[in-house]
Amino acid sequence: TSSQLSKDNETSSGGTSKLILKLAFVTLIIDGLVKWSDLNRGLGGGDGDFGGQGGSLMVEQEFQFYSQVGASICCFAAYYATCLLIYALNKAVRDLLGKEDKSSFSNLALGLLLAYCVRCTKLLALLWEPDRSGFLWIFIDLVFLVTTYTVLKVFGDLNRPQSLITALISHSALHFMQFVNKQIT
């Protein structure tokens, strides 16, 4: 029956939302791990020698890891809030002008979460190129930018220039927060 089909659709939609939220959470942890590995690259870690300090260095490294996960959350919040704020302002202008709006805020919000999840591929890049000198790191950022642009264009019902400008501004906010984090640490 159609009501059963509708319930199945809602259930799978809710399951998809939960899956995207879990993947976004894992991506935040991976992003924090990548930032933490940048901090510890010069320490020569990984050989098990903590410099004779016992567990104190291990506790300090654990604190640094959680701090970098927190920094990843701040970077994500800057990206996400910037996208959604620009979208909300654009939607308000369209409403004032009386233009038809087919976009859905919830679909855009989930789409942006899924676009952010592209960054979980940084774990593969970290394993492949730990020195971050290659094209792979730039490629992942470009794929993230293109994914954000596409999500804004499709789910946000923005035209090409609006999508591109919004994606560039939100990515600039994310990278600015990363820059601030590097200056602080």
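Heads up: the structure comes first, above all this text.
Residues numbered from 1 in each chain as written. Predicted model: local features only at pLDDT ≥ 70, side-chain atom pairs only at ≥ 80, totals over all residues. Heavy atoms only, no water.

Broken down by element type, the protein chain carries six helices and zero strands. What you see in the protein chain, going N to C, is helices and strands ordered as α-α-α-α-α-α. Counting all 185 residues of the protein chain, 34% fall into the buried class. The contacts of the protein chain with a sequence gap of at least 6 include a subset with a gap of at least 24, amounting to 74%. Carbon and sulfur atoms make up 68% of the accessible area of the protein chain, which totals about 11,200 Å². (Helix = DSSP H or I, 4+ residues; strand = E, 2+ residues; numbered from the N terminus. Buried < 20%, exposed > 50% of the residue type's maximum accessible area, 1.4 Å probe, protein only. Contact = heavy atoms within 4.5 Å. Areas by Shrake-Rupley, 256 points an atom, 1.4 Å probe, with all protein chains shown as cover.)

This part covers the packing of aromatic side chains. According to the stated counting rule, one finds 10 aromatic pairs in the structure shown. On the basis of an interplanar angle of 45 degrees and a centroid distance of 6.4 Å, the ring pair of Phe76 and Tyr79 is categorised as tilted. Placement of both Phe76 and Tyr79 in helix 2 (residues 56-97) is noted, with a separation of three residues, approximately one turn of the helix. As far as the burial class goes, Phe76 and Tyr79 line up, both buried. The interplanar angle of 25 degrees and the centroid separation of 5.0 Å between the aromatic rings of Phe76 and Tyr80 together place this pair among those described as stacked. Of this pair, Phe76 and Tyr80 are both found in helix 2, four residues apart, which corresponds to roughly one turn of the helix. We note that Phe76, like Tyr80, is buried. Chaining the aromatic ring pairs together yields one cluster made of Phe76, Tyr79, Tyr80, Tyr116 and Phe144. (Phe/Tyr/Trp six-rings, centres within 6.5 Å; stacked < 30°, edge-to-face > 60°.)

Glancing now at the environment of Ala24. Inspection of the secondary structure assignment puts Ala24 in helix 1 (residues 2-40). Between the C-alpha atom of Ala24 and that of Leu110, which follows or precedes it by 86 residues, the distance is 9.9 Å.

Along the chain, the position of Asn181 falls in helix 6 (residues 160-184). The spacing of Asn181 and Lys35 is 146 residues in sequence and 9.4 Å in space, taken between C-alpha atoms. Ignoring anything within four residues of it in the chain, the contact list for Asn181 reads Lys35, Gln68 and Ala71.

The next point concerns the packing of helix 3 (residues 105-116) against helix 5 (residues 135-155). Where helix 3 contacts helix 5, the two axes come as close as 9 Å, and the packing angle between them is 170 degrees. Between helix 3 and helix 5, the interaxial angle falls into the category roughly antiparallel. Here Asn107, Leu108, Gly111, Leu112, Ala115 and Tyr116 of helix 3 lie close against helix 5, whose contacting residues are Phe144, Thr147, Thr148, Val151, Leu152 and Phe155. Counted by class, the contact of helix 3 with helix 5 contains eight nonpolar, four polar and no charged residues. (Axes fitted to C-alpha atoms, helices over the stretch in contact; angles between N-to-C directions. Parallel < 35°, antiparallel > 145°, perpendicular 65-115°, else oblique. Nonpolar A, V, L, I, M, F, W, Y, C, P; charged D, E, K, R; others polar.)

Taking 1.5 Å as the rise per residue, helix 6 with 25 residues should run 36 Å; its terminal C-alpha atoms sit 36 Å apart, in good agreement. Within helix 6, burial applies to Ser163, Thr166, Ala167, Ser170, His171, Ala173, Leu174, Gln178 and Asn181. The backbone nitrogen of Gln162 lies 2.9 Å from a side-chain oxygen of the residue at the head of helix 6, namely Asn159. (Expected span 1.5 Å × (residues − 1). Polar contact = N/O pair within 3.5 Å; in protein donor to acceptor, adjacent residues only side chain to side chain.)

For the coordinates displayed, the defined rule picks out seven salt bridges. For Lys35, the salt bridge is made with Asp31, and the minimal N-O distance between the two is 3.4 Å. With Lys35 and Asp31 both in helix 1 and four residues apart, the pair spans about one turn of that helix. Comparing Lys35 with Asp31 shows no difference in burial state: the two are buried. Overlapping salt bridges bring together Asp31, Lys35, Arg119, Lys122 and Asp141 as one network. (Salt bridge = Lys/Arg side-chain N within 4 Å of Asp/Glu carboxyl O.)

The next thing to look at is the nonpolar core. Nonpolar side chains in soluble globular proteins tend to end up buried together. Phe76, Tyr79, Tyr80, Leu108, Leu112, Tyr116 and Leu152 are the most contacted members of the largest nonpolar core, which totals 24 residues. When contributions to this core are tallied by element, the ones reaching two or more residues are helix 1, helix 2, helix 3, helix 5 and helix 6. Aside from chain neighbours lying at most four places away, what touches Leu108 is Leu84, Tyr87, Val151, Leu152, Phe155 and Gly156. Formed by six residues, the second largest nonpolar core is a distinct cluster that contains Ala125, Leu126, Trp137 and Ile140. (Core = buried A, V, L, I, M, F, W, Y, C linked by side-chain atoms within 4.5 Å.)

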